[in-house]
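Spelled out from the first residue to the last, the chains are:
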Amino acid sequence: MNIIHVFPIFSISKGGGTTWLMCELAKQQSKDHKVSILTGSYNLDNNLVKEIKKFGINILIYKSYFNRIGIYFMPGLIIDKAIFSSKNVFHLHLYRSIQNLIILIKASLFNSNCIIDAHGSIPKHGIKTFKKNLFDFFFKKLIINKTKMFIAENELSFNECISLGINPKKIQIINPPFPVHDFKNVIKLDILKNEYKIKEKYIILYFGRFHYIKGIDFLIDSFFELSKRRNDIHLVLMGKNDGFENNLNDQIIKLNLSNIITNIGFKKGVEKNSVIKESSICVQVSRYEQGAGAPFEAVLIGTPIIVSDHSGSAEDVSRLNAGYLTKFGDTNALAEKLNFVIENYPEAKKKTYNASKAIIKNQSFESTLKKYQILYENSVNN
């Protein structure tokens, strides 16, 4: 069986958790299968290409067009026949995309099999709704009919698939895996203390994309409320701008918080993990979140978490009692929750430790790869 992972953006700083998960999954699967990653030329991270090739993974890069409007059209896919075979399984990491349409149509002609792992891309989120409605009007039935199976990350994701009209028998829930060994012995480099001169006792961390949907503005407003009663806190923002950084900067200046909020930009690898370990609490209060990817990284490193209560992330956190929930949009409630965790820190650390053991047991790559393998085999057999 040949596995081909498909996503138009091959850059973790731009593609976020989807690119990261795709790469980690490919690395693990390459031990037993021939694995390729099919992607576009836009925002290509050449260093990541070199890293992935070390694992024997083939990187198929197609010139893409109309990238700035989110179309990522790859005409090379239309004429390419080499990648289509009855032995191939295409794992598509996005719901609405032109390259998926091309692959789905050609795969049906060459008896290849396609699986869609939407990663939260089914809801419209009030963003580019006209384009998404138009896409669904013309192509929804084609995508559903030509896709063998859909992967849902949790019940929220499952219900999103159902809302499209997908037969429940074509949906398999697989909680995303984590490379748990990467978080086992994280080195504390004291980056925040030494490089950024942060002296406050309690560091509250957000890490991820700087995008409107991530609710960072709500976190800043809540942090402002907490700062009225505590002078031992500092908020750190770690991530890459995705169109919302200027708004955040304006908000910080308006609230006069520049001295206790620090934007350290995008970090990865050892530095990123160290910042998480140096932090007292990690907060993810997104307007929408498919699952608890970033929060579970924090849990595995040993840092307590708070997430908004209406998301797929909240579902994952509740399932493992991995952290604390807060009502999205209620700044006083989040300020109170942050204060509660600080005042009851030993309890929060114990909760985090117990949850990390559950993640290691149930969502390691070793335990989850078998579920992907069975799904691939069923799609081929059916």
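Above this text sits the structure in question.
Residues numbered from 1 in each chain as written. Predicted model: local features only at pLDDT ≥ 70, side-chain atom pairs only at ≥ 80, totals over all residues. Heavy atoms only, no water.

Asker: Help me understand the environment of Gln 251, please; the structure alone is not making it clear to me.
Answerer: Tracing the sequence through the fold places Gln 251 in helix α9 (residues 245-254). Residue class for Gln 251 comes out buried when judged on its relative accessible area of 14%. Spatially, the C-alpha atoms of Gln 251 and Gly 208 are 18 Å apart, while their sequence positions differ by 43 residues. Aside from chain neighbours lying at most four places away, what touches Gln 251 is Asp 217, Ile 220 and Asp 221. (Helix = DSSP H or I, 4+ residues; strand = E, 2+ residues; numbered from the N terminus. Buried < 20%, exposed > 50% of the residue type's maximum accessible area, 1.4 Å probe, protein only. Contact = heavy atoms within 4.5 Å.)

Asker: I'm lost on the nonpolar core in this one. Help?
Answerer: In terms of nonpolar packing, the biggest core is built from 33 residues, with Leu 205, Ile 276, Phe 296 and Ala 322 touching the most fellow members. Sort the elements by how many residues they give to this core and helix α11 (residues 293-301) lands first, with five residues. For Ile 276, the contacting residues outside a window of four places in its chain are Leu 205, Phe 207, Met 238, Cys 282, Ala 298, Ile 301 and Thr 303. Counting 32 residues, the second largest nonpolar core, distinct from the first, contains Tyr 324, Leu 334, Leu 338 and Val 341. (Core = buried A, V, L, I, M, F, W, Y, C linked by side-chain atoms within 4.5 Å.)

Asker: Can you help me understand the side chain of Lys 170 in this one?
Answerer: By secondary structure assignment, the location of Lys 170 is in the loop between α6 (155-163) and β7 (171-173). Salt bridges are absent for the buried Lys 170, whose nearest opposite-charge side chain, Asp 136, sits at 15 Å. Each residue touching Lys 170, except ones within four places of it in the same chain, is listed here: Ile 144, Asn 145, Thr 147, Lys 148, Met 149 and Phe 150. (Lys, Arg positive; Asp, Glu negative; His and termini not counted. Salt bridge = Lys/Arg side-chain N within 4 Å of Asp/Glu carboxyl O.)

Asker: For this particular structure, what's the right way to read the packing of helix α10 (residues 269-278) against α11?
Answerer: To characterise two packed helices, one gives the angle between the axes of the helices and the distance between these axes. Between α10 and α11, the shortest axis-to-axis distance is 9 Å and the interhelical angle comes to 70 degrees. Here α10 lies roughly perpendicular to α11, going by the angle between them. Of the residues in α11, those touching α10 at Lys 272, Asn 273, Ile 276 and Lys 277 are Glu 297, Ala 298 and Ile 301. Residues that form the contact of α10 with α11 fall into these classes: three nonpolar, one polar and three charged. (Axes fitted to C-alpha atoms, helices over the stretch in contact; angles between N-to-C directions. Parallel < 35°, antiparallel > 145°, perpendicular 65-115°, else oblique. Nonpolar A, V, L, I, M, F, W, Y, C, P; charged D, E, K, R; others polar.)

Asker: Is there a simple way to explain a positive patch on the surface in this structure?
Answerer: Taken together, the side chains of Lys 188, Lys 193, Lys 197, Lys 199, Lys 277 and Lys 349 present a region of like positive charge at the surface. Structurally, the position occupied by Lys 277 is in helix α10. (Patch = residues over 30% accessible without salt bridge, like charges linked within 9 Å, V, L, I, M, F, W, Y side chains within 5 Å. Areas by Shrake-Rupley, 256 points an atom, 1.4 Å probe, with all protein chains shown as cover. Charge placed at Lys NZ, Arg CZ, Asp CG, Glu CD.)

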